[in-house]
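Structural overview
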Amino acid sequence: MSGTFLGMPAFPEAAREAVADPVLRANLRHATHTIREKRARAVAELDDWALLREAGKAIKDRTLRHLDTYLVQLEEAVTAAGGTVHWAADAAEANRVVTGLVKATGEREVVKVKSMATQEIGLNEALEAEGISAYETDLAELIVQLGEDRPSHILVPAIHRNRGEIRDIFRDRMADWGRPAPDDLTDAPADLAEAARLHLREKFLRAKVGISGANFMVAETGTLVVVESEGNGRMCLTLPETLISVVGIEKVVPTWRDLEVFLQTLPRSSTAERMNPYTSMWTGTADADGPGAFHLVLLDNGRTGALADEVGRQALRCIRCSACLNVCPVYERAGGHAYGSVYPGPIGAILTPQLRGTASDIDASLPYASSLCGACYDVCPVAIDIPEVLVHLRGEVAGRGGKGHRLERAAMRAATWLLDHPGALATGERLASATRAAHPSRPPGAGAWTEGRDLPELPERSFRDWWKRNRA
């Protein structure tokens, strides 16, 4: 993954700061509760939701088992339809490919469809370094860009902002990027949307290059699919002369028929809609319609490494609905920025460490950014067992040692020996009970365990002694 978010503090430290912000917590609480309640109603309308969920899981698992075959099939289909396929092993290679393609057109600005993959690789920054301006056109992404902010949610990147904050951002920054906001702009949603529409319209009509991601790629036809709610994405996909799509290799599905499942589960899980207002599909190029040049950049960037992990690979099933974020008690309180990645919340806690590794403090801390309550698994439309992967990744982090884990292993070895020697255990129990008045509530060296809890008070006698007196 890109290093865009590297250098941030580990999750516990970042979360502590976020939790202390009452405005942020209020914004998150209101937004996540609203979204998840609507989602629950939309899902309840389908009697076969459990079957759709299982079908989505099966399709994704089958695709991942034969990913090499389907990617080659996809490349052949896209090429036959007039497109050009590029393979990118990592973020640096993907950025080189995209910036090279844009520079070859002679253009110095692009319009972008909301894309997690381009955020993952830090494409906007790479384009800026080459003198190319990238304009986000999704409303929430526009808010983040104008506010020089970072996205904090997969579906609603500006979920941490309220309407008043958005109004102020539009008033202060829109003029720097193009058409200014109206002087009498209010914080009414309709007024904010209209200001964004007028600001973006001139960019749609002027831009010659569009950049997108894709929700799905169909191997048998070479078709790419983007689902959205605003229509801004469709403007980017149809008006420019050149379209460049950067897509993770896990987004492929084998057949057109497979889309039937995901076009039912994705909108209900993400926006609580029965179907997305805009579902755009394109296959290569056409002489009389849409862009005349189409480039597909297939992005690995750690995905094949995740694929090799039999437990962790299920994270690659993710269809980016964000349902797990909206039910997560940790995300609701800490927000997305605390995760230090473009992928926040429960799915980010298992996906980011696999894509980026766990060498940094923040990546090593992500598998612990969960209460393991299981709500994320319950709502996942492709049945990713996020708690299982979290525990698996915790084992990997602990197995490598490092801060805290060496002490933990030493304590476990000591406990193992003690439990294997009943006489020593009995002596230790009596000694602990006899000195219980001097025990600290938070013993030194165990801060990670006792920071949020006190040790229980020891009884006057151990259970072993009680049993001897009363049952022997």
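Residues numbered from 1 in each chain as written. Predicted model: local features only at pLDDT ≥ 70, side-chain atom pairs only at ≥ 80, totals over all residues. Heavy atoms only, no water.

Some thoughts on the packing of aromatic side chains
Our working definition: Side-chain rings of Phe, Tyr and Trp, where Trp is taken by its six-membered ring, are said to pair if the distance between their centres is within 6.5 Å; with planes under 30 degrees apart they count as stacked, over 60 as edge-to-face, and otherwise as tilted. Helix numbering and strand numbering both begin at the N terminus, where a helix is a DSSP run of H or I of at least 4 residues and a strand a DSSP run of E of at least 2. Three exposure classes are used, based on accessible area relative to the maximum for each residue type with a 1.4 Å probe and protein chains only: buried under 20%, partly exposed in between, and exposed over 50%.
Under the definition given, this model contains eight aromatic pairs. Between Trp-282 and Phe-294, the aromatic rings sit 6.1 Å apart at their centres with planes inclined by 90°, giving edge-to-face as the arrangement. With a gap of 12 residues between them, Trp-282 in strand β9 (residues 278-283) and Phe-294 in strand β10 (residues 293-299) connect regions that are remote in the sequence. Under the relative-accessibility criterion, Trp-282 is labelled buried at 12%.

Details of the confidence of the model for the chain
Note the threshold: What pLDDT conveys is the predictor's confidence in a given residue, as a value from 0 to 100. Between two residues, a contact is recorded if the distance between any of their heavy atoms is within 4.5 Å.
Per-residue confidence for the chain gives a mean pLDDT of 91, with 95% of residues at or over 70. Between residues 1-7, whose pLDDT stays under 50, and residues either more than four places distant or in other chains, the model counts 26 contacts.

Some points on the side chain of Thr-32
Worth spelling out the cut-off: Pairs of N or O atoms within 3.5 Å make up the polar contacts considered here, provided that, within protein, one atom can donate a hydrogen while the other can accept it, and that residues adjacent in sequence are counted only when both atoms are side-chain atoms.
Positionally, Thr-32 belongs in helix α2 (residues 22-44). Given the relative accessible area of 0%, Thr-32 is considered buried. A polar contact of 2.7 Å, which involves the side chain of Thr-32, links it to the backbone oxygen of Leu-28. Beyond its immediate stretch of four places on either side in the chain, Thr-32 contacts Ile-159, Asn-326, Tyr-331 and Glu-332.

As for the pattern of salt bridges
For clarity, the threshold we go by: Salt bridge, as applied in this entry: a Lys or Arg side-chain nitrogen positioned within 4 Å of an Asp or Glu carboxyl oxygen.
Inspection of the entire model under this criterion finds 22 salt bridges. Of the charged contacts in the structure, one is a salt bridge between Glu-120 and Arg-303, with a shortest N-O distance of 2.8 Å. With Glu-120 in helix α6 (residues 116-121) and Arg-303 in helix α13 (residues 303-307), this pair connects stretches of sequence that are 183 residues apart. The exposure class of Glu-120 is buried, given its relative accessible area of 1%. Between Glu-241 and Lys-208 there is a salt bridge, with the nearest N and O atoms lying 3.7 Å from each other.

Focus on the packing of α2 against helix α12 (residues 259-270)
Operational definition: Axis lines are fitted to C-alpha atoms, over the contacting stretch for helices. Their N-to-C directions set the angle, which ranges from 0 to 180 degrees. Classification convention: Asp, Glu, Lys, Arg as charged; Ala, Val, Leu, Ile, Met, Phe, Trp, Tyr, Cys, Pro as nonpolar; all other residues, Gly among them, as polar.
The N-to-C vectors of α2 and α12 enclose an angle of 145°; their axes lie 7 Å apart at closest approach. Between α2 and α12, the residues in contact are Ile-35, Arg-39, Ala-42 and Val-43 and Arg-268, Ser-269 and Ser-270, respectively. Grouping the amino acids of the contact of α2 with α12 by side-chain chemistry returns three nonpolar, two polar and two charged.

Side note on the nonpolar core
Generally speaking, nonpolar side chains in soluble globular proteins are found buried as a group. Where we set the bar: To define a nonpolar core, start from buried Ala, Val, Leu, Ile, Met, Phe, Trp, Tyr and Cys residues and group those joined through side-chain atoms within 4.5 Å.
Phe-11, Phe-170, Leu-296, Ile-347 and Ile-350 are the most contacted members of the largest nonpolar core, which totals 101 residues. Ile-350 has contacts with Ala-315, Ile-384, Ile-386, Val-389, Leu-390 and Leu-393, leaving out every residue within four places of it along the chain.

A look at a nonpolar patch on the surface
Note the threshold: Patch definition: residues above 30% relative accessible area lacking any salt bridge, with like charges linked at up to 9 Å and the nonpolar side chains Val, Leu, Ile, Met, Phe, Trp and Tyr linked at up to 5 Å. Reported accessibility uses the Shrake-Rupley method at a 1.4 Å probe radius. Residues are deemed covered only where the shown protein chains occlude them.
Judged by side-chain polarity, Phe-463, Trp-466 and Trp-467 come together as a nonpolar surface patch covering roughly 360 Å² of accessible area. When you line up the elements, Trp-466 lands in helix α23 (residues 463-470). Residue class for Trp-466 comes out partly exposed when judged on its relative accessible area of 34%.

Section: the sheet that holds strand β3 (residues 133-136)
Hydrogen bonds along the backbone pair up the strands of a sheet, which may run parallel or antiparallel. What counts, and what does not: Paired strands, as defined in this entry, are two strands with at least two bridges between them according to DSSP.
Read from one edge of the open sheet, six strands run β1-β10-β7-β4-β2-β3, paired in parallel fashion. Of all strands in the sheet, those bounded by a partner on one side alone are β1 (84-88) and β3. Put simply, the sheet's adjacent strands are angled 25° from each other on average, direction ignored. Here strand β2 (residues 109-112) runs beside β3; their pairing, made up of four bridges, is parallel. Of the residues in β3, the one forming a bridge with Val-110 is Ala-134.

Digging into unusual backbone geometry
At Ala-272, a residue that is not glycine, the phi angle is positive and equals roughly 60°. Mapped onto the elements, Ala-272 comes out in the loop between α12 and β9. At Arg-320, a residue that is not glycine, the phi angle is positive and equals roughly 60°. Within the secondary structure, Arg-320 sits in the loop between α13 and α14 (323-327).

So, α2
Note the following rule: Expected span, for any helix, means 1.5 Å times one less than how many residues it has.
End to end, α2 covers 33 Å across 23 residues, agreeing with the expected 33 Å (1.5 Å per residue, within 8%). Here α2 has its buried residues at Leu-24, Asn-27, Leu-28, Ala-31, Thr-32, Ile-35, Arg-39, Ala-42 and Val-43. A side-chain oxygen of the first residue of α2 lies 3.1 Å from the backbone nitrogen of Val-23; this N-cap is Asp-21.

Considering the pairing of strand β6 (residues 223-228)
Burial analysis of β6 places six of its six residues in the buried class, the great majority of the element. The side-chain alternation of β6 yields two buried faces, one formed by Thr-223, Val-225 and Val-227 and the other by Leu-224, Val-226 and Glu-228. Examined bridge by bridge, strand β5 (residues 216-218) and β6 share three bridges and lie antiparallel to one another. Bridge pairing in β6 places Val-218 opposite Thr-223. Between the antiparallel neighbours β5 and β6 lie four residues, among them Gly-222 with a positive phi of about 75°. Pairing geometry for β6 and β9, over six bridges, is antiparallel. Its bridge partner lying in β9, Val-227 is registered against Thr-279.

Some points on the environment of Leu-298
In this structure, Leu-298 sits in strand β10. Residue Leu-298 is classed as buried on the basis of its relative accessible area of 1%. Sequence separation of Leu-298 and Lys-251 is 47 residues, and the distance between their C-alpha atoms is 9.6 Å. Contacts of Leu-298, omitting those with residues within four sequence positions, involve Leu-74, Val-85, His-86, Trp-87, Ala-88, Met-217, Val-247 and Ile-249.

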